[in-house]
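Chain residues, written in single-letter form:
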Amino acid sequence: MADPTLSRMATRPIAPRRWSAEGLREQSRSLMVETPVAIVFNGTTVAVMMASPQGIEDFAYGFALTEGYLRDLAEIERFEVIAHDKGLEARFWVAEQAAEALLSRRRAALGPMGCGLCGIDSLDQALRTLPPLGKGVTLDPQEVAEAPDQLRAFQPLHDQTRSAHAAGFLIPGLGITFAREDVGRHNALDKLCGALLREGIAPESGAIVMTSRLSVDLVQKSAMIGCPTVIGVSAPSLLAVETAEAAGMTLIANCKAGRFDILTGADRLKLSLPETKT
């Protein structure tokens, strides 16, 4: 049968508007495509990972071995990739002895560090329905543009190791109020979300600022606590943009060097500059 991943493009073009001190300009760029991939053994899903939809067999085999689900490729009796509307299933059929070991492994399994969707065992859960987002706050573009530089002051672990991500909270008029760091970007965001809720700070009173690319799981996490604006220094995936737009979220990417790209929700920005086309 034909490989169902071959028809899924690795990138797709978009046309965001870029803000700088000179005005708004239309841009043309491509985004990485991100899709849920369910890893399935003998009909049981052990994990759902977000991945590019190319080389799924290599990905599935590597994941199965490096995570200890399989000890040897000889344990695999059959493998197939099944395409669904919401993602892909990488299906392994393994010998009975290997399947028994897999069941034990699954009971004790913990998601690998840095994975945003580990432990989720269905495609529907990976692309879950998000709660409605409130109006939130209106942000000044200059304050948005300066947010990543402000966040640098809250990154002592990164200063020491150059390998830590950070998630910060931007409040209009106050800038970055506090932040959390972790080796994983998902972990850093989880820490920030927990801190906001424990401190009694309303997530809709500001914006989340990330030092990483904006994947769909970061959009989902932010929406789940009710924060309607997310800012990242790098590019988002296409699925992150689509998810943010469907949720009514403001998604801002490539925020660095005094400029940023507005992907969704421009109404939460004070855009008084004229828009120009390149």
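I will try to describe carefully the structure that is included in this document.

How each quantity is defined
Residues numbered from 1 in each chain as written. Predicted model: local features only at pLDDT ≥ 70, side-chain atom pairs only at ≥ 80, totals over all residues. Heavy atoms only, no water. Helix = DSSP H or I, 4+ residues; strand = E, 2+ residues; numbered from the N terminus. Contact = heavy atoms within 4.5 Å. Salt bridge = Lys/Arg side-chain N within 4 Å of Asp/Glu carboxyl O. Buried < 20%, exposed > 50% of the residue type's maximum accessible area, 1.4 Å probe, protein only. Phe/Tyr/Trp six-rings, centres within 6.5 Å; stacked < 30°, edge-to-face > 60°. Disulfide = S-S within 2.5 Å. Pairing = 2+ DSSP bridges. Axes fitted to C-alpha atoms, helices over the stretch in contact; angles between N-to-C directions. Parallel < 35°, antiparallel > 145°, perpendicular 65-115°, else oblique. Nonpolar A, V, L, I, M, F, W, Y, C, P; charged D, E, K, R; others polar.

**Here we look at the environment of Thr 138**
Working step 1: Looking at where Thr 138 falls in the secondary structure, it is placed in the loop between helix H3 (123-126) and helix H4 (141-151).
Working step 2: Setting aside chain neighbours within four positions, we find Thr 138 in contact with Pro 172, Arg 268, Leu 269 and Lys 270.

**Comments concerning the pattern of salt bridges**
Working step 1: Taken as a whole and assessed by the stated rule, the structure comprises nine salt bridges.
Working step 2: With its nearest N and O atoms 2.8 Å apart, the salt bridge here joins Arg 18 to Asp 261. Of this pair, Arg 18 sits in strand S2 (residues 17-20) while Asp 261 sits in strand S14 (residues 259-264), placing them 243 residues apart in sequence. Of the two residues, Arg 18 and Asp 261, both sit in the buried class.
Working step 3: Ionic pairing is found between Arg 91 and Glu 80, a salt bridge with its closest N-O pair at 3.8 Å. Here Glu 80 lies in strand S7 (residues 76-84) and Arg 91 lies in strand S8 (residues 87-94), a separation of eleven residues in the sequence.
Working step 4: Relative accessible area serves as the criterion here: at 24%, Arg 91 is assigned to the partly exposed category.

**Focus on helix H8 (residues 238-247)**
Working step 1: The buried fraction of H8 is high, at seven of ten residues.
Working step 2: Among the residues making up H8, those that are buried are Leu 238, Leu 239, Ala 240, Val 241, Thr 243, Ala 244 and Ala 247.
Working step 3: Just downstream of H8, Gly 248 is the residue with a positive phi angle, here 75°.

**Structural notes on the packing of aromatic side chains**
Working step 1: As enumerated under the stated definition, the model contains eight aromatic pairs in all.
Working step 2: With 4.8 Å between their ring centres and 10° between their planes, Phe 41 and Phe 92 make a pair best called stacked. In this pair, Phe 41 is assigned in strand S5 (residues 35-41) and Phe 92 in strand S8, connecting sequence segments 51 residues apart.
Working step 3: Looking at Phe 41, the relative accessible area reads 4%, which means it is buried.
Working step 4: Ring centres 5.4 Å apart and planes at 45° place the aromatic pair Tyr 61 and Phe 92 in the tilted group. Placement of the pair is Tyr 61 in helix H1 (residues 56-66) and Phe 92 in strand S8, with a sequence separation of 31 residues.
Working step 5: By relative accessible area, Phe 92 is classed as buried at 0%.

**Focus on the state of the cysteines**
Working step 1: This structure, assessed with the given rule, holds zero disulfides.
Working step 2: The thiol sulfur of Cys 193 is not disulfide-bonded, and the nearest other cysteine sulfur, from Cys 227, lies at 7.9 Å.

**Comments concerning the pairing of strand S12 (residues 229-232)**
Working step 1: Because side chains alternate across S12, one face comprises the buried residues Thr 229 and Ile 231, and the other comprises Val 230 and Gly 232, equally buried.
Working step 2: Relative to strand S13 (residues 250-256), S12 runs parallel, the two sharing three bridges. Bridge pairing in S13 places Thr 229 opposite Thr 250.

**Thoughts on the packing of helix H6 (residues 185-198) against helix H7 (residues 216-224)**
Working step 1: Two elements in contact, H6 and H7, have axes whose closest approach is 10 Å; the angle formed by their N-to-C orientations is 5°. What the angle tells us is that H6 and H7 run roughly parallel. Residues Arg 185, His 186, Leu 189 and Asp 190 of H6 lie in contact with H7, whose contacting residues are Asp 217, Leu 218, Lys 221 and Ser 222.
Working step 2: When grouped by side-chain class, the residues that make up the contact of H6 with H7 number two nonpolar, two polar and four charged.

Everything listed here is a matter of geometry and, on its own, says nothing about what the molecule does.
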